[in-house]
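Next come the chains, spelled out residue by residue.
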Amino acid sequence: MPTPTIASPKGYYFEVKAGQRYLWCSCGRSAKQPFCDNSHVGTEFKPVLFVARKDEDVIFCGCKHTGTAPFCDGAHNNLATYENEDDPNSEANAKVAQVPHGAAAEVPLDGTCYVFSTARATLTPRGEGFAYCPVVSPAKGALFQSQFYVELQPGSSPVVSADGRETVLFVTHGEGEVEIGGRRFAFTQRSGIYVRPGEAWRVHASAPVKLYVSNGPGAEDLVFLDAMPESFDTAHPGRVAEIDPSQRHAMAERSFQMLINREHGSLVITQFIGNIPLSKAMPHKHLYEEALIFLNGAGVVWTENTKTTVGAGDVLFLPRKQTHSVQCTVEGGFDVVGVIYPGDNPSINY
Ligand code: FES
């Protein structure tokens, strides 16, 4: 097959209507992007028909190199012609207002976007050696997910129900075992952990542990139980994901590795770990809601009109369709853990 023309370096956001037919241009020559205008006639390309089953937002591929036609799969990020870096000192960026950190844990940015500092958060104790706080919740503006930050001293945590929600944990410090339905799985610093909706979890920490608990759909609070229920979904036995550099996907100068996703049985909530090098990404948007945990490094998070500094222990909450950009300002880059919902591919953007 010949190489298609790159109609756009990024995807096309579009609101499709149930029952409507859409003929997506695969050749890249159409003047009616992202749709076909018959400019492919005489080439080997043919348009791709999509019939919408429901009203929804989609991102049609604009670079024409997608592997999931007619939709974007993030392939544009790795095209040689794709400009991923933005100049933080440009005239437009000079107008973006710096929001200073105050005493509060949250630093508000545009819309319902914010940065949450776990270092400035007030934790609520629950039982012996267990304390936590909400980072992302419906009350804070999230529509799809919630996230809680937990600190645990060596010993056993209370039993926490998944409460009918997809649940993923990420351990930033410490080690031990996580118990799910009476089964135990060893974890270390930087493990991802998956708990099915009908189950509950408890951590047995052999060293002080810090972790993040994400739920989808979101909840206002963790749900504690008096005892560990027996339920364990044996159809999905793999529950702990470790960092494996061989599983990293390149995304321009950045890279990411899936931790918890559909391979573990999680169909709507996805956890990944990524690296952001010394640079500022081009502003972009996603159709999913995201909570991005900064594990190390230092930098700046940008929205259209505001920006603020971030570092280890901060979490960026990104609502759907929020224009944003993350800038790393130190050598070595940021390591970040993202939880996206609903979605399974963090490289899809527009
Ligand atoms: S114009 Fe591109 S596929 Fe028809």
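Asker: Which residues make up the side chain of Arg 239, and what values go with them?
Answerer: Mapped onto the fold, Arg 239 is located in the loop between strand E19 (223-225) and strand E20 (240-241). For Arg 239, the side chain forms a polar contact with the main-chain oxygen of Asp 233, separated by 3.3 Å. Not counting residues within four places of it along the chain, the set of residues in contact with Arg 239 comprises Ile 180, Phe 185, Gly 192, Ile 193, Tyr 194, Val 195, Arg 196, Glu 199, Phe 232, Asp 233 and Ile 260.

Asker: Please give an account of the packing of aromatic side chains that cites residues and values.
Answerer: Applying the stated rule across the entire model yields 20 aromatic pairs. Their ring planes at 15° and their centres at 5.2 Å tell us that Tyr 13 and Tyr 350 sit as a pair that is stacked. Of this pair, Tyr 13 sits in strand E1 (residues 12-16) while Tyr 350 sits in the segment after strand E30 (334-341), and the two are 337 residues apart along the sequence. Its relative accessible area of 26% is what places Tyr 13 among the partly exposed residues. Taking 5.3 Å as the distance between ring centres and 35° as the angle between the ring planes, the aromatic pair formed by Tyr 114 and Phe 317 counts as tilted. On the criterion of sequence distance, the pair formed by Tyr 114 in strand E7 (residues 114-117) and Phe 317 in strand E28 (residues 314-318) is long-range, its members being 203 residues apart. Ring pairing ties together the aromatic residues Phe 14, Tyr 22, Phe 35, Phe 50, Phe 60 and Phe 71, which thus form one cluster. Geometry around Trp 302 places Lys 280 over its ring, the cationic atom sitting 4.7 Å from the centre.

Asker: Give me the domain arrangement of the chain: which residues, what numbers.
Answerer: We note that the domain assignment places domain 1 (1-82), domain 2 (94-100 + 244-341) and domain 3 (120-241) within the chain. The C-alpha-based centres of domain 2 and domain 3 are spaced at 22 Å. Contact with domain 2, which involves 25 residues of that partner, is made by 27 residues of domain 3. For the pair domain 2 and domain 3, the summed buried area comes to about 2,100 Å², and 67% of that belongs to carbon and sulfur atoms. When the buried area of domain 2 at its contact with domain 3 is split by residue, His 264, Glu 289 and Tyr 341 rank highest and sum to 26% of it.

Asker: Before we move on, could you go through the pattern of salt bridges and cite the residues and values that matter?
Answerer: Inspection of every chain in the model, using the stated rule, returns ten salt bridges. In this structure, the salt-bridge partner of Lys 321 is Asp 57, at a minimum N-O distance of 2.9 Å. Within this pair, whereas Lys 321 is found in the loop between E28 and strand E29 (325-328), its partner Asp 57 is found in strand E4 (residues 56-60), the two being separated by 264 residues in sequence. Between Glu 179 and Arg 202 there is a salt bridge, and its shortest N-O distance comes to 3.1 Å. Placement of the pair is Glu 179 in strand E14 (residues 176-180) and Arg 202 in strand E17 (residues 200-205), with a sequence separation of 23 residues. Residue classification places Glu 179 among the buried residues on the basis of a relative accessible area of 9%.

Asker: Account for the nonpolar core, with residues named and values stated.
Answerer: Grouped together as the largest cluster of nonpolar side chains are 26 residues, with contacts concentrated most on Phe 116 and Val 136. Of all the elements in the fold, those that place two or more residues in this core are E7, strand E9 (130-136), strand E13 (166-173), strand E22 (254-260), strand E25 (289-294), E28 and E30. Every residue in contact with Phe 116, bar those within four places of it in the chain, is listed here: Ala 105, Glu 106, Ala 121, Cys 133, Pro 134, Val 135, Lys 140, Gly 313, Asp 314 and Val 315. Phe 130, Leu 169, Val 195 and Val 213 belong to the second largest nonpolar core, which has 24 residues in total.

Asker: Residues and numbers for the sheet that holds strand E10 (residues 146-152), please.
Answerer: Strands sit in the order E8-E9-E10-E18-E13-E16-E20 across an open sheet of seven strands; the sheet is antiparallel. Because the sheet does not close on itself, it has two edges, and the strands there are strand E8 (124-125) and E20. Pairing geometry for E9 and E10, over six bridges, is antiparallel. Residue Ala 131 lies in a different strand from E10, and its bridge partner there is Glu 151.

Asker: Tell me about unusual backbone geometry, and please be specific about residues and values.
Answerer: A cis amide bond, omega 5°, links Gln 33 with the succeeding residue Pro 34. Mapped onto the secondary structure, Pro 34 falls in the loop between strand E2 (21-24) and strand E3 (48-51). With an omega of -10°, the peptide bond running from Tyr 341 to Pro 342 counts as cis. Within the element layout of this structure, Pro 342 appears in the segment after E30. The phi angle at Arg 190 is positive, at roughly 75°, despite the residue not being glycine. Checked against the element boundaries, Arg 190 lands in the loop between strand E15 (183-187) and strand E16 (192-195).

So, how was this worked out
Residues numbered from 1 in each chain as written. Predicted model: local features only at pLDDT ≥ 70, side-chain atom pairs only at ≥ 80, totals over all residues. Heavy atoms only, no water. Helix = DSSP H or I, 4+ residues; strand = E, 2+ residues; numbered from the N terminus. Polar contact = N/O pair within 3.5 Å; in protein donor to acceptor, adjacent residues only side chain to side chain. Contact = heavy atoms within 4.5 Å. Phe/Tyr/Trp six-rings, centres within 6.5 Å; stacked < 30°, edge-to-face > 60°. Buried < 20%, exposed > 50% of the residue type's maximum accessible area, 1.4 Å probe, protein only. Lys NZ or Arg CZ within 6 Å of the ring centre and 35° of its normal. Domains from an automatic or database assignment. Buried area = accessible area lost by both parts, 1.4 Å probe. Salt bridge = Lys/Arg side-chain N within 4 Å of Asp/Glu carboxyl O. Core = buried A, V, L, I, M, F, W, Y, C linked by side-chain atoms within 4.5 Å. Pairing = 2+ DSSP bridges.

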